[in-house]
Amino acid sequence: GDDPAPLLDELTQNTAVIAQHGHRADAIVKGMMAHAQATSSERRAVDLNALVAEHVTLAYHSARARQRAFDVEIVQDFDSTLAPVVVAPTELGRGIINLGSNAFDAGAEHARDALASGTGEPFEPRVTVSTKHTGDTVTIRVVDNGAGIPDEIRARIFEPFFTTKPTGSGTGLGRSMSYDIVTQGHGGTLTVEDAPGGGAVFVVMLPLATPV
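Residues numbered from 1 in each chain as written. Predicted model: local features only at pLDDT ≥ 70, side-chain atom pairs only at ≥ 80, totals over all residues. Heavy atoms only, no water.

> Honestly, the overall build of the chain in this entry has me stumped. Any pointers?
Looking only at helices and strands, the chain has 5 helices and 7 strands in total. Ordered by position from N to C terminus, the α and β elements of the chain give α-β-α-β-β-α-β-β-α-α-β-β. Sorting the 212 residues of the chain into buried and exposed places 37% on the buried side. Long-range contacts, defined here as pairs at least 24 residues apart, represent 69% of the contacts in the chain between residues at least 6 apart. (Helix = DSSP H or I, 4+ residues; strand = E, 2+ residues; numbered from the N terminus. Buried < 20%, exposed > 50% of the residue type's maximum accessible area, 1.4 Å probe, protein only. Contact = heavy atoms within 4.5 Å.)

> Help me understand the side chain of Arg175, please; the structure alone is not making it clear to me.
Tracing the sequence through the fold places Arg175 in helix α5 (residues 174-186). The charged side chain of Arg175 is buried without a salt bridge, its nearest counter-charge being Asp105 at 7.7 Å. At a separation of 3.2 Å, a polar atom in the side chain of Arg175 contacts the side chain of Asn102. (Lys, Arg positive; Asp, Glu negative; His and termini not counted. Salt bridge = Lys/Arg side-chain N within 4 Å of Asp/Glu carboxyl O. Polar contact = N/O pair within 3.5 Å; in protein donor to acceptor, adjacent residues only side chain to side chain.)

> Help me understand the nonpolar core, please; the structure alone is not making it clear to me.
Looking at soluble globular proteins, one finds that nonpolar side chains tend to be buried together. Of all hydrophobic cores here, the largest spans 34 residues; its most connected members are Leu48, Phe104, Phe202 and Leu206. Where this core is concerned, the elements lending two or more residues are α2 (48-66), β3 (85-87), α3 (89-117), β4 (126-134), β5 (137-144), β6 (189-194) and β7 (200-207). The leading source of residues in this core is α2, at 7 residues. (Core = buried A, V, L, I, M, F, W, Y, C linked by side-chain atoms within 4.5 Å.)

> In this structure, what is going on with a nonpolar patch on the surface? I would like to understand it.
A cluster of nonpolar side chains, namely Leu7, Leu8 and Leu11, defines an oily patch on the protein surface of about 300 Å² accessible area. Looking at the element boundaries, Leu8 is found in helix α1 (residues 5-38). (Patch = residues over 30% accessible without salt bridge, like charges linked within 9 Å, V, L, I, M, F, W, Y side chains within 5 Å. Areas by Shrake-Rupley, 256 points an atom, 1.4 Å probe, with all protein chains shown as cover.)

> Could you clarify how one ought to interpret the side chain of Thr131 in this entry?
Mapped onto the elements of the fold, Thr131 is located in strand β4. Apart from the residues within four sequence positions on either side, Thr131 is in contact with Asn49, Val52, Asp77, Phe78, Asp79, Leu82, Thr139 and Ile140.

> Hey, could you run me through the sheet that holds β4 in this one?
Sheet strands pair via backbone hydrogen bonds, and the direction of the pair is either parallel or antiparallel. Strands sit in the order β2-β4-β5-β7-β6 across an open sheet of 5 strands; the sheet is mixed. Pairing within the sheet leaves two strands with one partner each, and these edge strands are β2 (73-77) and β6. Each neighbouring strand pair of the sheet contributes to a mean axis angle of 15°, computed without reference to strand direction. Where β4 meets β5, 8 bridges bridge the pair, whose relative direction is antiparallel. Paired with Thr134 across the two strands is Thr137, which belongs to β5. Here α2 sits on the sheet and contacts β2, β4 and β5; the angle it forms with β4, its principal contact strand, is near 165°. (Pairing = 2+ DSSP bridges. Axes fitted to C-alpha atoms, helices over the stretch in contact; angles between N-to-C directions.)

The structure is reproduced here in structure tokens:
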């Protein structure tokens, strides 16, 4: 009779594709549920520098778990004059992880492209995270030295489900979640700018509330 092997191979491949899409859908649903739970988190006065440092470190370890060979220089430039800031720490921490993860991914992708091109010096990813107190606001900046964000993508960068990653490797919810957490959850703004020399700067600006 006919050799069943090609049919089995095709079925196996189809099953793998279905499973991949299933995992992505599952990740999206879990992400939305986690976001819904996080938005009700309690607000309290926290050391914002420590909160940012901790969650950028978590994002780094997550990146290392996904790509064992990944390495990046992390530069911290924190405002030492910053007094405790009233935020929802669980929620804001989630937003920082998302921004950090995107910055690490941008650096890793640029490093892979540089390696593939085979020209010049090896590219070294670097992510700079800073805080700055100015008047009645505090600004958090997450800067990568990746390829930057084209204008046509920048216009949609905070839309839910919009992802620049390959199918199966991103849900498109990270930046939109961060946007909601900052704008709706904290009455702040989240914008993106070009980084000097290439890359992107995600700028979180939070209004300072009086501790209760």
